[in-house]
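Here are the chains, one letter per residue:
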Amino acid sequence: MAKQIRLNAFDVNAAMHNSHGLWKHPESERYRYKDLKYWVEMAQLLERGLFDALFLADVYGFYDIYRGSRDAALRDAIQAPINDPSLIIPTMAYATKHLSFAVTVPTTYEQPYAHARRMTTLDHLTNGRIGWNVVTSFLPSAARNFGLDKMISHDERYDIADEYLEVVYKLWEGSWEDEAVIRDAVRGIYTDPSKVHEIHHEGKHYRVPGPHLSEPSPQRTPVLYQAGASPRGRAFAAKHAECVFIDGHSYESMKFYVDDIRAQAVAYGRHPDDIKVFMALSTIVGTTAKEAEEKLRELTSLSSEEGPQAIYGGYTGIDLSKGDPNQILTFQATDHGQTVLARYTKMSPKEMTYGEVIESVKKIGGRAVVLTGSAEQVADQMQTWMEKTGIDGFNLGHLVTPGSLKEVIDLVVPILQERGVYKREYEQGTMREKLFGAGQSRLSERHPGASYRYK
Ligand SMILES: Cc1cc2nc3c(=O)[nH]c(=O)nc-3n(C[C@H](O)[C@H](O)[C@H](O)COP(=O)(O)O)c2cc1C
């Protein structure tokens with residue numbers, strides 16, 4: 001069977017995501033993000049399109065590097081105002097049967113003990129349809145609001161995340177035995193105390209004696225996503241991630257990231273295909289190529305000048321307003337995210353000036369690859385990205401909400417199905433089983449987290 005294309009919707013529980021300016025589009029329903037009915041409709045739409053998951057990004061701060069102010073981000077709804085992504089999941093799960101949910105939570109600001117219980121709760125309530133996108137975050141305004149003077153340095157955040165994962169593996173995998181809850185009314189035993197264990201974690205950053213507060217959920221450890229493709233980020237992904245999310249910009253750079261992460265995973269005793277890779281994508285689909293081009297023109301007329309620069313500042317730490325437009329932008333290892341800056345500097349096929357970077361980020365879709373064309377043309381290009389890079393699918397953003405997703409579901413998905421590269425029905429089971437096969441609800445034996453299982 002040909003390799004199947006996996007699709008997640010890439011979203012955030014906020015007034016706007018990465019489609020700067022497009023909240024102004026007359027057909028955008030984005031302003032309804034505070035309404036549970038909106039999310040139920042979204043989840044049911046995605047399930048109609050047989051999407052694998054709704055992937056929810058998140059940030060804990062304002063984008064306030066550009067011009068040293070949060071004003072541009074607020075004016076253009078750049079991931080602000082923003083609500084908690086995890087709280088909308090149970091209702092969407094109740095309204096669907098198969099759709100999975102991947103939720104972003106930073107290791108830098110949440111304590112592992114509380115986070116482990118929240119994820120177990122979600123895994124119970126969704127019946128095993130939950131994933132966690134492990135990030136270390138990147139905004140100084142978040143650091144300040146969590147009581148720090150400045151961000152913890154980039155690589156140290158990943159070191160802390162490594163220990164964080166060790167703590168949650170111990171809680172999820174090692175604390176409760178499968179047979180701990182017996183509900184034996186005759187003997188008067190709900191939980192057998194001899195099968196619930198402390199974890200005795202004493203590390204550099206965390207002290208957690210345990211036990212875990214929750215009983216084992218269908219997957220125990222949620223499906224582990226990761227986003228962040230700096231050298232330290234890739235090493236972290238190779239060890240922990242089951243799914244990786246990466247922005248793409250050229251076939252070559254995407255293939256480099258995919259191959260590098262998989263090669264490093266092998267060094268941890270894992271198989272290359274233990275890691276599924278998803279690339280950020282946006283699409284503009286027309287019934288004809290001409291219609292798609294007209295849509296692109298319309299969307300471009302709504303694009304904003306400052307919003308994309310505000311996003312860029314937050315992600316990279318570089319304030320584009322401070323550079324001479326003709327000056328070449330060079331890579332600096334800032335404590336923000338390093339992947340985005342690398343893309344416009346050391347991973348770029350040619351040197352770029354500040355002016356060229358501004359023009360590039362202002363394009364509709366921002367940093368994501370944008371495919372414009374008829375449904376056939378978009379389907380062709382999706383297949384080409386799969387073939388040339390080794391990715392497993394796409395995190396599909398939406399420019400006009402929910403219209404851009406409907407275009408893909410109604411026009412592109414049937415073509416992909418016809419070509420045998422997109423499922424016609426869901427696999428049964430948990431999120432991990434749908435990704436890795438029947439009987440695979442729990443972490444693979446090859447995954448480092450499996451070594452913390454109670455023996
Ligand atoms: C494609 C992509 C998506 C990301 N999404 C988020 C996110 O939703 N929330 C967040 O706090 N960080 C996100 N990050 C960044 C991570 O927080 C990351 O741990 C940190 O900034 C370091 O990133 P780096 O390894 O790319 O330098 C994302 C990174 C990439 C490359």
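As annotated in an unreviewed UniProt entry, the protein carries the name Monooxygenase and comes from Cohnella abietis. Taken directly from UniProt, the Sequence similarities (unreviewed entry) text for the protein runs: "Belongs to the NtaA/SnaA/DszA monooxygenase family."

Draft legend 1. Representation of the nonpolar core in the model. Counting residues in each nonpolar core, the largest one holds 84 residues, and the members touching the most others are Phe-51, Trp-132, Met-382 and Phe-394. Examining the composition of this core, we find that 10 residues originate from one element, helix 6 (residues 154-174), more than from any other. Excluding residues within four positions of it along the chain, Phe-394 makes contact with Ile-5, Arg-6, Leu-7, Asn-8, Phe-278, Met-279, Leu-281, Met-382, Trp-385 and Met-386. Counting 16 residues, the second-largest nonpolar core is a separate cluster that includes Phe-10, Val-12, Cys-243 and Phe-245.

Draft legend 2. Representation of the pattern of salt bridges. In the structure shown here, the tally under the stated rule is 37 salt bridges. Two residues, Lys-3 and Asp-392, come together in a salt bridge whose shortest N-O distance is 3.5 Å. Taken together, the residues span a long stretch of sequence, with Lys-3 in the segment before strand 1 (6-12) and Asp-392 in the loop between helix 13 (375-389) and strand 13 (393-396) at a distance of 389 residues. For Asp-392, a relative accessible area of 9% translates into the label buried. In this structure, the salt-bridge partner of Lys-362 is Glu-359, at a minimum N-O distance of 3.2 Å. With a gap of three residues between them, Lys-362 and Glu-359 both fall in helix 12 (residues 354-362), about one helical turn apart. Lys-362 sits in the buried class, given a relative accessible area of 16%. Relative accessible area serves as the criterion here: at 46%, Glu-359 is assigned to the partly exposed category. A single salt-bridge network, built from bridges that share partners, covers Glu-29, Arg-32, Asp-35, Lys-37 and Glu-41.

Draft legend 3. Region of interest: the UniProt feature "domain: Luciferase-like" (unreviewed entry) in the protein. When the UniProt feature table is mapped to this numbering, "domain: Luciferase-like" (unreviewed entry) covers residues 28-392. Taken end to end, residues 28-392 comprises 40% helix and 15% strand; its first and last C-alpha atoms sit 29 Å apart.

Draft legend 4. Structural view of unusual backbone geometry. The peptide bond linking Gly-210 to Pro-211 adopts the cis configuration, its omega dihedral lying at -5°. For Pro-211, the position within the fold is in the loop between strand 8 (207-208) and strand 9 (223-227). Cis geometry marks the peptide bond from Thr-401 to Pro-402; its omega dihedral reads -5°. Structurally, Pro-402 can be placed in the loop between strand 13 and helix 14 (403-418). Even without being a glycine, Arg-67 presents a positive backbone phi close to 55°. The topology assignment puts Arg-67 in the loop between strand 2 (53-57) and helix 2 (71-75).

Draft legend 5. Here's a closer look at the side chain of Gln-309. Structurally, Gln-309 can be placed in helix 10 (residues 307-316). Gln-309 gets classed as buried once you look at its relative accessible area, which sits at 4%.

Draft legend 6. Representation of the site of the ligand within the structure. As a matter of local geometry, the ligand sits amid 21 residues, with His-154, Tyr-158, Ser-230, Gln-338 and Thr-339 nearest to it. In this structure, Thr-136 approaches the ligand through a side-chain N or O atom, which is 2.7 Å from an oxygen atom. At 2.9 Å from an oxygen atom of the ligand is found a main-chain nitrogen or oxygen belonging to Ser-137. A total of 590 Å² of accessible area belongs to the ligand in isolation, and the protein chains cover 97% of it. Considering each element in turn, the shell around the ligand owes the most residues, three residues, to helix 6. In terms of residue class, the shell around the ligand is made up of eight nonpolar, 10 polar and three charged.

Draft legend 7. Highlighting the UniProt feature "binding site: FMN" (unreviewed entry) in the protein. In this numbering, the UniProt entry assigns the feature "binding site: FMN" (unreviewed entry) to Asp-58, Thr-104, His-154, Tyr-158 and Ser-230. Relative to the helices and strands, Asp-58 resides in the loop between strand 2 and helix 2. Residue class for Asp-58 comes out buried when judged on its relative accessible area of 15%. For Asp-58, the contacting residues outside a window of four places in its chain are Val-12, Ile-82, Asn-83, Pro-85 and Thr-104. Within the secondary structure, His-154 sits in helix 6.

Procedures and definitions
Residues numbered from 1 in each chain as written. Predicted model: local features only at pLDDT ≥ 70, side-chain atom pairs only at ≥ 80, totals over all residues. Heavy atoms only, no water. UniProt positions renumbered as here; feature names shortened; annotations may be inferred. Core = buried A, V, L, I, M, F, W, Y, C linked by side-chain atoms within 4.5 Å. Buried < 20%, exposed > 50% of the residue type's maximum accessible area, 1.4 Å probe, protein only. Helix = DSSP H or I, 4+ residues; strand = E, 2+ residues; numbered from the N terminus. Contact = heavy atoms within 4.5 Å. Salt bridge = Lys/Arg side-chain N within 4 Å of Asp/Glu carboxyl O. Near = heavy atom within 4 Å. Polar contact = N/O pair within 3.5 Å; in protein donor to acceptor, adjacent residues only side chain to side chain. Areas by Shrake-Rupley, 256 points an atom, 1.4 Å probe, with all protein chains shown as cover. Nonpolar A, V, L, I, M, F, W, Y, C, P; charged D, E, K, R; others polar.

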